[in-house]
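Chain and residue survey
Residue-level listing of the chains:
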4 protein chains.
Amino acid sequence: VSEIAHLGPLELLSPRAEESLRFFVDVLGMEVEGQEGRSVYLRGWGDYQRYSLKLTESDTSGMALLGLRAWSPEALERRVAAVRAAGLGGAWLDSADRGRGRGYRFSGPDGHPFELYYEVDRYAPPEHLRPALKNQPQRYTGRGAAVKRLDHVNVLSADVRADRAFATDVLGYRLYERIQLDDGTEAGAWLSASIAAHELIYTKDAYGAHARLHHVAFWVDTREECLRAADLFLDHGVDIEAAPSKHAIAQGFFLYGIEPGGNRIEVTTGGYFVYDPDHPATVWTEAERRKGQAWGVQTVESFHTYGTPPVEAPAAR
Amino acid sequence: VSEIAHLGPLELLSPRAEESLRFFVDVLGMEVEGQEGRSVYLRGWGDYQRYSLKLTESDTSGMALLGLRAWSPEALERRVAAVRAAGLGGAWLDSADRGRGRGYRFSGPDGHPFELYYEVDRYAPPEHLRPALKNQPQRYTGRGAAVKRLDHVNVLSADVRADRAFATDVLGYRLYERIQLDDGTEAGAWLSASIAAHELIYTKDAYGAHARLHHVAFWVDTREECLRAADLFLDHGVDIEAAPSKHAIAQGFFLYGIEPGGNRIEVTTGGYFVYDPDHPATVWTEAERRKGQAWGVQTVESFHTYGTPPVEAPAAR
Amino acid sequence: VSEIAHLGPLELLSPRAEESLRFFVDVLGMEVEGQEGRSVYLRGWGDYQRYSLKLTESDTSGMALLGLRAWSPEALERRVAAVRAAGLGGAWLDSADRGRGRGYRFSGPDGHPFELYYEVDRYAPPEHLRPALKNQPQRYTGRGAAVKRLDHVNVLSADVRADRAFATDVLGYRLYERIQLDDGTEAGAWLSASIAAHELIYTKDAYGAHARLHHVAFWVDTREECLRAADLFLDHGVDIEAAPSKHAIAQGFFLYGIEPGGNRIEVTTGGYFVYDPDHPATVWTEAERRKGQAWGVQTVESFHTYGTPPVEAPAAR
Amino acid sequence: VSEIAHLGPLELLSPRAEESLRFFVDVLGMEVEGQEGRSVYLRGWGDYQRYSLKLTESDTSGMALLGLRAWSPEALERRVAAVRAAGLGGAWLDSADRGRGRGYRFSGPDGHPFELYYEVDRYAPPEHLRPALKNQPQRYTGRGAAVKRLDHVNVLSADVRADRAFATDVLGYRLYERIQLDDGTEAGAWLSASIAAHELIYTKDAYGAHARLHHVAFWVDTREECLRAADLFLDHGVDIEAAPSKHAIAQGFFLYGIEPGGNRIEVTTGGYFVYDPDHPATVWTEAERRKGQAWGVQTVESFHTYGTPPVEAPAAR
């Protein structure tokens, strides 16, 4: 069992911050929890923390930070020790971000910026967002796609094998599915710290670039909400990269769009739960992946190559 | 085949007009099309006319008018002649309401105010509501329950038999289902001018009062949207009279709430289509009705008695 | 208002009749109502007639007959007169098919075989299929995709304009949407005899062949059932031609598969209702169609060319 | 983090075993994995073990055994030691049940029969049940309600506080929600070994009886499948105790029916995930529970009193 409780908050960069903000608020239906400097703090109605997304104005796009909450103060110490033992370096931060205790910031093998932490504020809604049911962190406003919470993150890596080993061996994630190319290369790894079929995904960067983001996924409870989100994307002029359908890997139901800042966003639900403590990872071959998604939909080419920040031209490989 | 194309717009009275407006806009997600005097004109995103609901401030609640659009100018003339032949009186209006041609206003047997008309403006959305798909009258905003259009109306009648005969014989509606009590009394009639399982419903007024409204129903395309609307009602403090479930009669999926002005509102979907031109009306007995709704849910008592405007005390019967 | 109540039953040919039967029974979940000679009569749980599909063993595939039920005996006479007046010929049949009164058989402009009729048996379910709700023709068995009823038919035509004019002028169908190519050619016409957005569709035969079938569509009440049907197609080895998504034209939600006999079958729901008696047909241009389906899904090439019976090679045009 | 991976298989007793079997196979859509003596072994299409339900013919109803799979051989040893340290007794079984390694059988504080185990066979489907997607244990047959897997169990207890303490302190379950009566009595405890909002529930036995079962819940992925299951229950004559609606506690979507053997069965989905490692249990008061379920549906009286095996008369309290 992993000592990581969950990932998030995630800091996302946008060169068109105002338009990105309108996307997250009006189309995804997130709530603005606060604002500091060039950053806006956002939350889904089901996020238990004060925020799950920090949107920061920048001259580029991509993921600036991925938080990882440890299960306990002791688990935090142990994970930090493991990170150091793995030679990944890093340092305790002097000051914590909004509503969070001290954190240990370091880079994963491919350069993705992580912060391990334990202490965090639980959300206390203002009057107008107080829910009717006390087991819900916030009122269901129903605005836009009304995403419930941050669900998972897919980052690109020049070396999936190394990152996958880091996630399992250092962080304690479990590997549920992976893609292995005919030449033995690992092209993708679906990892989870819980029974959810994926929380952290590494897929191969087509350009061999480093530390890029593939997509951030927000959860809705039903497939109907994904379909509804597609109608909202359509009528709000959001670029739909992949219309709603069902993944073969992890069996999640998806809708992919590109937010105004250029980052790929998924609205997701479904999938399966892994209750087997010895679950053997499903391994997909190139031939199997060629069949497309669960119902035969062929993935658009951009899905295999585009990430943020974008790269100018393919790097030599 | 009926010469009535459909019912609507409907004029609804509210003694708490501002709060009612907030309900229709924020919770049901309707759009304000215009405003005149003490009335606000509202529309669902799928209504082809400029508006389907006229909300008027008043000292009471209930239905002030139910429009009935004829199939053609000739059909309009024929229906007006039929109304007159039935001795129901009425008169051509001097001036038409917002975006509508001349109309013939009269009262049904129980006193419900109707207006037959043919000419009407088709909706032309402003820039910010222009849809992505040209076969859609308006952008899908997704706000609140995001009802698509006015669907059906259920009025109360002291004499269901007389009103049912009026609807079939004078207006040309078809009778698809009805309730017949053990003593032979007709307690409910489900009528339609199309293949939809119901458009106009008459049910017995428990107080023997006249011309009252039972509920106005707005359509959503999926049952999931009814369930979602229930969450919105809950978190917006709207009184839920009957939680989502499936009717036995007409098999519609429902959610009933009371809007701030006191009128009962339904969010509905489902049901069946009647393609049989000789469809024999389904007749329900008292014993059958005692089984409750489709899945056995017992209808709350208020559903059998409450209507708008409310009556002080049961009239002698 | 059309004098046609609805289309169906439809006779479908299959060169692999036993496998086709297994598809319709096990995967689509239809019920065998009877069997005669080389034909099996099938029904959805919501079909009011005894059957809506007649599956006939043959050396080819395609549609052998499309029934058209008139609104009344008089409507039948008038439509037959109109067919004759249009020079389409045809003849009254000596003997009627299973449970149907006398019919008038003729070919449409492109050669599609039609039968106009009025008298028909209403379905009376055997004991084991008796429903709990008396306003339902048959028990909901829930087997396979559990399609409710025959919904619409899309046929291919070498001359869409001629067939469209026949449908509107002779049969009285209403035209709700159509495609017009840049050179003025009509490439598709969506027609309906009711408020449903389409019942009879003509699209251009890519080979200029005659009287072919594009697809037969069966209705389910929810989009979730379309998604579920896709899982069933997948696990039953049915060839999924187009995974579930939303059409731009008519906004129907679809799943297309090829049944073992080679005919294209759709599981469909959604769309919109046309209550406007003067509804102006939506006209789609080539440029607009290039955008793909509602959410941008590009239609697979076979969808534009494949029909049944298949043609050997493109005819000269 | 709990050392219990999940609960199940569950052994259920039925005095009408053949009819119960028909219910689980035809209505719930489970698969018969095997048969031994008076027991039939059943599975949902998503269960990773060979079976999750053992249905045993008996002269009474109720739960004969609840399996608890430990995370590892070491976790198993530690949990057994904890059970012994708690004075609950128990013993290692000489022979294991179908496809399971050795187990430690003991009774919980109220007498519920548990078996801790670790080793278990993973399911290997026969040819006709082989799935199209390799990350799925079995083909999706779609028969009946097509439940995916065993989800949670609700048992009745004469002393909820004692059982709740046992679950958290001895088994390591986490407490997510509970009911506390005005006099301080604990009336219900919702416990989980994962992020799922509940897996093991204890509620107060209205008769003060011991070791009874309230209900066994099977998971479906969507609310639409719960609604669909209600139609199946209706048309298969299954007694619907509570029609589909949403719980306030844990926010699960439910359908409750009584299977022919008398045991209460739930078809469930929804709810929320608990990612907070320090999640404070939600405490519901009597006043709050009086509001009924999430959307105000009042729970039927039998839900508060009926359990299996049934008790003759209320015990003195």
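To keep things clear, this report deals only with the structure shown in the data block. Values in this document were obtained by computation on a predicted structure and should not be read as measured data. Along each chain, residue indices are assigned from 1 in the same order as the chain's sequence is written. Lettering for chains starts from A, numbering for ligands starts from 1, and both go in the order in which the items are written. Thresholds applied to this predicted model are a pLDDT of at least 70 for local features of residues and 80 or more for the giving and counting of side-chain atom pairs; totals over whole chains, interfaces and linings are not thresholded and use all residues. Hydrogens and water molecules were not included; the side-chain quantities draw on all heavy atoms of the structure.

**Comments concerning the interface of chain B and chain C**
Many authors give the size of an interface as the accessible area that is lost as the parts come together. Contacts are residue-level and defined by heavy atoms, with any inter-residue pair within 4.5 Å sufficient. Listed as interface residues are 45 residues of chain B and, on the opposing side, 45 residues of chain C. The term buried area denotes the loss of accessible surface (1.4 Å probe radius) that occurs when two parts are joined, taken as the sum for both partners. Where chain B abuts chain C, roughly 3700 Å² becomes buried across the two surfaces, and 58% of that area is made up of carbon and sulfur atoms. Looking only at chain B, the three residues that lose the most surface to chain C are K134, N135 and Y275 of chain B, adding up to 20% of its buried area. Each reported salt bridge corresponds to a side-chain nitrogen of Lys or Arg within 4 Å of a carboxyl oxygen of Asp or Glu. Scanning the region where chain B abuts chain C turns up 8 salt bridges. Between E288 of chain C and K134 of chain B there is a salt bridge; the shortest N-O distance is 2.9 Å. Residues adjacent in sequence count toward polar contacts only when both atoms are side-chain atoms; beyond that, a polar contact is any pair of N or O atoms within 3.5 Å, and within protein one must be able to donate a hydrogen and the other to accept it. Applying the counting rule to chain B against chain C returns 24 residue pairs in polar contact (both at pLDDT 80 or more).

**Considerations on the sheet that holds strand β14 (residues 239–246) of chain C**
Residues and elements named next belong to chain C. Overall, mixed pairing links the 9 strands, which are arranged β14-β15-β16-β13-β9-β12-β11-β10-β17 in an open sheet. Only two strands of the sheet have a single partner each, and these edge strands are β14 and β17 (282–284). Across the sheet, the mean angle from the axis of one strand to that of its neighbour is 20°, orientation sign disregarded. The angle between two axes is taken between their N-to-C directions and runs from 0 to 180 degrees, where each axis is a line fitted to C-alpha atoms and a helix contributes only its stretch in contact. In this description a helix means any DSSP run of H or I spanning at least four residues, a strand means any run of E spanning at least two, and both kinds are numbered starting from the N terminus. The sheet strands contacting helix α3 (residues 160–170) are β9 (149–157), β10 (174–180), β11 (186–192) and β12 (200–204), and the helix crosses β11 at an angle near 15°. Along the sheet, helix α4 (residues 223–235) makes contact with β14, β15 (252–258) and β16 (264–270), crossing β15 at roughly 15°. Here, strands pair whenever DSSP counts at least two bridges between them.

**Brief notes about the nonpolar core**
Grouped together as the largest cluster of nonpolar side chains are 167 residues, with contacts concentrated most on F24 and L28 of chain A together with F24 and L28 of chain C. With 166 residues, the next largest nonpolar core counts W45 of chain A, V40 and W284 of chain B together with A146 of chain C among its residues. Each nonpolar core is a collection of buried residues, namely Ala, Val, Leu, Ile, Met, Phe, Trp, Tyr and Cys, held together in the definition by side-chain atoms within 4.5 Å. Relative accessibility decides the category of a residue: with a 1.4 Å probe and only protein chains considered, values under 20% of the type maximum give buried, values over 50% give exposed, and everything between is partly exposed.

**Section: the interface of chain D and chain A**
Chain D puts 45 residues into the contact, and the matching count from chain A is 45 residues. On the chain D side of the interface with chain A, the three residues burying the most area are K134, N135 and Y275 of chain D, jointly 20% of the side's total. On inspection of chain D and its partner chain A, the count reaches 8 salt bridges. A salt bridge links D276 of chain D to R69 of chain A; the shortest N-O distance between them is 3.0 Å. The biggest single contributor to the side of chain D that touches chain A is strand β17 (residues 282–284) of chain D, with 3 residues. Per-class residue counts for the side of chain D that touches chain A are 21 nonpolar, 10 polar and 14 charged. Gly is placed with the polar residues, together with every amino acid not listed as nonpolar (Ala, Val, Leu, Ile, Met, Phe, Trp, Tyr, Cys and Pro) or charged (Asp, Glu, Lys and Arg).

**Side note on the side chain of E241 of chain D**
All names here are of chain D. For E241, the location among the structural elements is in strand β14 (residues 239–246). Side-chain polar atoms of E241 contact the side chain of S302, separated by 2.6 Å. What E241 contacts, discounting residues up to four positions off in sequence, is Y256, G257, I258, R264, V300, S302 and F303.

**Some details on the packing of helix α4 (residues 223–235) of chain A against α4 of chain C**
For the pair α4 of chain A and α4 of chain C, interaxial distance at closest approach is 10 Å and the crossing angle is 110°. When the interaxial angle is binned, α4 of chain A and α4 of chain C end up roughly perpendicular. Relative to α4 of chain C, the crossing made by α4 of chain A is right-handed. Across the interface between the two elements, R223, E224, L227, R228 and D231 of chain A of α4 of chain A pack against R223, E224, L227, R228 and D231 of chain C of α4 of chain C. Across the contact of α4 of chain A with α4 of chain C, the residue classes tally to 2 nonpolar, no polar and 8 charged. Throughout, the term roughly parallel applies to angles under 35 degrees, roughly antiparallel to angles over 145, roughly perpendicular to angles from 65 to 115, and oblique to all others. Crossing handedness is read from the near helix: turned anticlockwise from the far helix by less than a right angle, it gives a left-handed crossing, and turned clockwise, a right-handed one.

**Points about the relation of the copies chain B and chain C**
Our superposition of the copies is a least-squares fit, built on the C-alpha atoms of residues whose pLDDT is at least 70 in both. Note on the copies: chain B fits chain C at an RMSD of 0.0 Å, the axial shift is 0.0 Å, and the rotation between them is 180°. Each copy turns onto its partner about a two-fold axis. Same-surface contact between copies: 100% of interface residues of chain B are shared with the interface of chain C.

**Things to note about the packing of aromatic side chains**
Two descriptors summarise a pair of aromatic rings, namely the distance from one centre to the other and the angle between the planes of the rings. Whether two aromatic rings pair depends on their centres lying within 6.5 Å, for rings of Phe, Tyr and Trp, where Trp uses its six-membered ring; planes under 30 degrees apart make the pair stacked, over 60 edge-to-face, and the rest tilted. This structure, assessed with the given rule, holds 62 aromatic pairs over all chains. Judged by centre distance (5.3 Å) and plane angle (35°), the ring pair of F254 of chain B and Y256 of chain B falls under tilted. Each member of the pair, F254 of chain B as well as Y256 of chain B, carries the same accessibility label: buried. Between the aromatic rings of F273 of chain B and F273 of chain C, the centroid separation amounts to 5.6 Å while the plane-to-plane angle is 80°, which identifies the pairing as edge-to-face. Of this pair, F273 of chain B sits in the loop between β16 (264–270) and β17 (282–284) while F273 of chain C sits in the loop between β16 and β17, each in a different chain. A single burial state applies to F273 of chain B and to F273 of chain C, both of which are buried.

**Structural notes on the pattern of salt bridges**
All names here are of chain B. Using the criterion set out here, one finds 116 salt bridges over all chains in the structure. For R98, the salt bridge is made with E33, and the minimal N-O distance between the two is 2.7 Å. Residue R98 is found in the loop between β6 (91–92) and β7 (103–107), and its partner E33 is found in strand β2 (residues 31–36); the two are separated by 65 residues along the sequence.

**Observations concerning the relation of the copies chain D and chain A**
Superposing chain D onto chain A takes a rotation of 180° combined with a translation of 0.0 Å along the rotation axis, leaving an RMSD of 0.0 Å. A share of 100% of the interface residues of chain D reappears at the interface of chain A, consistent with the copies meeting face to face through the same patch.

**As for the pairing of β10 of chain C**
All names here are of chain C. Extensive coverage of β10 is indicated by the burial of 6 of its 7 residues. Examined bridge by bridge, β10 and β11 share 6 bridges and lie antiparallel to one another. Bridged to E177 within β11 is W190. Hairpin connection from β10 to β11: 5 residues lie between these consecutive antiparallel strands, with G184 at a positive phi of about 95°. With 3 bridges connecting them, β10 and β17 associate as parallel partners. If you follow E177 over to β17, its bridge partner there is T282.

**Re the pairing of strand β8 (residues 113–117) of chain B**
All names here are of chain B. Here β8 lies mainly inside the structure; 5 of its 5 residues are buried. Across the two faces of β8 the burial is the same, with P113, E115 and Y117 and F114 and L116 all buried. By the bridge criterion, 4 bridges tie strand β5 (residues 62–70) to β8 in an arrangement that is parallel. Bridge pairing links L68 to L116 in β8. Looking at chain direction, β7 and β8 are connected through 5 bridges and run antiparallel. Within the sheet, the bridge partner assigned to Y104 lies in β8 and is L116. As consecutive antiparallel partners, β7 and β8 are separated by 5 residues, and within that stretch G111 has a phi angle of approximately 105°, a positive value.

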